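As a plain string of letters, each chain reads:
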Amino acid sequence: MTDELVRIDDVSKVHFQAGLFRRRTRSVVAVQNLSLSITANTVLGLVGESGCGKSTLARAVAWLDPPTSGRVVVAGIDPALGDRSRMALFRRTVQIVFQDPYSSLNPRCSIGESVAEGLRNQGVPPDRRRREVSRLLDMVGISSSRTSERPHRFSGGQRQRIVIARALAVQPRFLILDEPVSSLDVSIQAQMVNLLLDLKRELSLTYLFISHDLNLIAYLSDEIAVMRDGRIIEQAPAEQLIAAPVHPYTRALFADAPVLPSPRSGSS
Amino acid sequence: MRRRTEIFVRILLGVSVVYLMGLLVVAIAAPHIAPTDPRLQNIPARFSPPGTAGFLLGSDEFGRDVFSRILFGARSALLVGGVSVILALGIGLVVGLTAGLAGKAVDSALMLLMDAVLSFPTVLLAITVVSVFGYGLPQVMTAIGVIFSPLFARIIRTETLALKQEPFVLSARALGTPLRRIITVHLLPNMLPKIVVQCTVTVALALVVEASLSFLGVGAQPPTPSWGLMLRNARNYLFDAPWLALYPGLAIGSTVFCCNLLGDLLGELLQRDQ
């Protein structure tokens, strides 16, 4: 149970505002010397108010906007070492789901093409790709007869399911979920969260679940990290952190939250 | 009310599409439609007014049929419009995509270059280029293509910068999609509407520049039938034979008008779709 899958080591991300001819005029530190470790098959919930650097961290860990300094190692793969095959392996191991399901799918591609993208990149032949796409869509509860339809025919919740199917197509082990349900209706949120928990169990996935919604984080996290101004100010197992937050900011955060259900162990 | 403007917009769109398609047909089929050879001189019948037997739109100072010359003039107009815009689009694609994807230093340098090209007065720059490389339509097309490429480069760069931050492009990168496929599948199709609109507007601009250059004598060379060149010759006989200026002027005006109209309406329609 204590197998470490993800190691984020002393990661910083600085945004430079370049002037004309690249003179560095101002810089903003979005993530500062942040370290985290995530155990395999668990959910690490990351909470923090908007603007604290959660999404920047997500993109840095996914190596879409690599960190200015520090290391990210997932399942023993360090993308900074930068050779092609290692990068391809990292891309297959780590996937990311964004907040806005409306801009997460290319409006010009059918959902089948979108879900098949990762498989195509791996050189999977078309007929196997088709079968795989049907299976993946079934898994997230989208009728596989709709593969040739464009994303605009689907609701926000359905699109987010398609996005998850696309991410799962490459059989990742680690999924970064950057506010994946925040833009959905409350009634759909619960379905999505349960789908995510089911998928995690079935496929033995590990999640970094980013949210500003404390109830949600409390419901599905095994461990919770609280982020503020680019740093982790407190990290502890979920029950412990909710029952006895140590840091005054955490206490204030939880005191402001409207209703807290019992943590995950109690609800299942 | 809204319904009525909608119908009006669609009618205008239809008219400009029909006009431009017609022009294309005329340009291709000119030798079959034109009553006479546009270069055929008929000195005894020079300056025949419009309506004279054999000269629907009159004849010019050499007795050449104005109608036939207008029809053949559509060829050089569309050739120049088409080729120069394709060239401008090609340069704009390379520069715009590179600037949008390569990072800040390359971006600044390329956009500075594009701004430099744009800062010259268009016709002056075209005259300079043509004077250096020689007169004639191929040089004119190249010059216009280069001069208008910043219009495309800017749009494509802006779209690239915006699209590459879109979650679906980020997701494609996270899935390991190669850059070439990201460009052809995720970037270009999503900026296509804006590019199409820019193309139609630029064709109009190119037509005006071509006519100006031919009018100034550095574009199409006699006896090539070209609307700009016809205007150039007509200026000596403005009061005695006004039809010599009227019909090529109308041809240029209506074509440019339809291109602009098409561009504006397409832009509006595509924006509404989004």
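Above this note sits the structure.
Just so it is clear, the model here is predicted, and its values are computed rather than measured.

**Concerning the overall build of chain A**
From N to C terminus, chain A includes ten helices and nine strands. In terms of overall dimensions, chain A has C-alpha extents of about 55 × 55 × 35 Å along its principal axes. Taking all contacts inside chain A whose residues are at least 6 apart in sequence as the whole, residues at least 24 apart take part in 67%.

**A look at the interface of chain A and chain B**
In this assembly, 24 residues from chain A lie in contact with 18 residues from chain B. When residues of the side of chain A that touches chain B are traced back to their parent elements, those giving at least two are α2 (84-93), β5 (94-97) and α3 (111-121) of chain A. Top contributing element to the side of chain A that touches chain B by residue count: α3 of chain A, with three residues. A per-class count over the side of chain A that touches chain B returns twelve nonpolar, six polar and six charged.

**Some words on unusual backbone geometry**
Of the consecutive residues P222 of chain B and P223 of chain B, the connecting peptide bond is found in the cis state with omega at 5°. The topology assignment puts P223 of chain B in the loop between α7 (179-216) and α8 (227-234). Phi angles above zero are rare outside glycine, and E179 of chain A is one such case at about 50°. With respect to the helices and strands, E179 of chain A occurs in the loop between β6 (174-178) and α6 (186-203). By the C-beta count within 10 Å, which is 20 here, E179 of chain A ends up buried.

**Topic: the sheet that holds β5 of chain A**
All names here are of chain A. One open sheet holds the six strands; their spatial order is β5-β6-β7-β3-β8-β9, and the pairing between them is mixed. One side of each edge strand has no neighbouring strand; the edge strands of this open sheet are β5 and β9 (231-237). The average undirected angle you get between the axes of adjacent strands in this sheet is 15°.

**What to know about the pairing of β6 of chain A**
A regular strand places its side chains so that they alternate between the two faces of the sheet. Residue and element names in this part refer to chain A. Of all five residues making up β6, five are buried, and the element is well covered by its neighbours. On β6, burial covers both faces: F174, I176 and D178 on one face and L175 and L177 on the other are all buried. Pairing between β5 and β6: four bridges, direction parallel. Following the sheet pairing, Q95 is matched in β6 by L175. The sheet contact formed by β6 and strand β7 (residues 206-211) spans five bridges and is parallel. Opposite L175, over in β7, you have Y207 as the bridge partner. Taken together, β6, α6 and β7 constitute a β-α-β crossover, and its handedness is right-handed.

About the thresholds
- Residues numbered from 1 in each chain as written.
- Chains lettered and ligands numbered in written order.
- Predicted model: local features only at pLDDT ≥ 70, side-chain atom pairs only at ≥ 80, totals over all residues.
- Helix = DSSP H or I, 4+ residues; strand = E, 2+ residues; numbered from the N terminus.
- Contact = placed C-beta atoms within 7 Å.
- Nonpolar A, V, L, I, M, F, W, Y, C, P; charged D, E, K, R; others polar.
- Buried ≥ 20, exposed ≤ 12 C-beta atoms within 10 Å, placed from the backbone.
- Pairing = 2+ DSSP bridges.
- Axes fitted to C-alpha atoms, helices over the stretch in contact; angles between N-to-C directions.
- Right-handed = clockwise from strand over helix to strand, strands pointing away.

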